[in-house]
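Spelled out from the first residue to the last, the chains are:
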Amino acid sequence: MYKTIPSHSNTTQPMKTIEGKIYDKSGYEKIEDNILDKMESVISIVDNYAIIQAIFPGIERITKNNSYLKIISYGLKQAAKIYIIMILIYLKKFLLRISKINKLIKLVKIESRIVKIPGGKYKEWLSILKSEKIRSIIEIIGYINELMLNLTLVYKNVRFNKFFSRLMGIVSWIVNFYRNIDNEENENTVRGLEIRYGI
């Protein structure tokens, strides 16, 4: 199974918010997202290698005995160093996202109490925000898991037992499947709420 890492930014183009306003990312956000987007194909290969090695540890022995595979393995290990930095960037993004979502949940609840309109759009917004918070937590778990897998590629003294390594590989595949679920509508709603409440 080939693992792909989808862009969490969806697009670097301006998008319409829930109120029809145009949301355009800041310069820093655009640069960060562009770098991550361009590196995705490379880090997907590295991550696949880390997962396969975790589930089938015998592959590491095979690569040591084959000169061509040894060169490829060396290249992937060097690329893994870059991926580790990218994982830390993703972790920062999702930790900040959870913080923003928590603020939005509070603000939506406050506004719904002031307006005193039961259910409706406020109930829908809260449902989306809570869903996105869970999604962000799953993403953080996935990236922590991938961080540990890639550390085993880079540092020889970082090793886990076979059961735990295979478990981490399976978790990575499950998280990857979850990432491929289309989430653009919820993303746009959250962006719109950020504009609405000035976060």
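Presented here is a report on the structure given in the accompanying data block. Because the structure is predicted, anything quoted here is derived from the model rather than measured.

About the criteria used
- Residues numbered from 1 in each chain as written.
- Predicted model: local features only at pLDDT ≥ 70, side-chain atom pairs only at ≥ 80, totals over all residues.
- Heavy atoms only, no water.
- Helix = DSSP H or I, 4+ residues; strand = E, 2+ residues; numbered from the N terminus.
- Buried < 20%, exposed > 50% of the residue type's maximum accessible area, 1.4 Å probe, protein only.
- Contact = heavy atoms within 4.5 Å.
- Core = buried A, V, L, I, M, F, W, Y, C linked by side-chain atoms within 4.5 Å.
- Axes fitted to C-alpha atoms, helices over the stretch in contact; angles between N-to-C directions.
- Parallel < 35°, antiparallel > 145°, perpendicular 65-115°, else oblique.
- Left-handed = near helix turned anticlockwise from the far one by under 90°.

### Brief notes about the overall build of the chain
From N to C terminus, the chain includes six helices and two strands. Moving toward the C terminus, one meets the helices and strands of the chain in the order β-β-α-α-α-α-α-α. A burial count over the chain gives 41% of its 199 residues as buried. Restricting to contacts in the chain with at least 6 residues of sequence separation, those with at least 24 account for 81%.

### Brief notes about the nonpolar core
In this structure, Tyr83, Ile87, Leu91, Phe94, Ile140 and Tyr143 are the most contacted members of the largest nonpolar core, which totals 14 residues. Elements with a contribution of two residues or more to this core: helix H3 (67-115) and helix H4 (120-154). Judged by nonpolar contacts, the second largest core, of 12 residues, contains Val108, Leu129, Leu193 and Tyr197.

### Quick word on the packing of H4 against helix H5 (residues 162-179)
What describes two packed helices is the angle between their axes and the distance between those same axes. Where H4 contacts H5, the two axes come as close as 9 Å, and the packing angle between them is 140°. Taken together, H4 and H5 sit at an angle that is classed as oblique. Classified by chirality, the crossing of H5 by H4 is left-handed. Across the interface between the two elements, Arg135, Ile138, Glu139, Gly142, Tyr143, Asn145, Glu146, Met148 and Leu149 from H4 touch Ser165, Met168, Gly169, Val171, Ser172, Val175, Tyr178 and Arg179 from H5.

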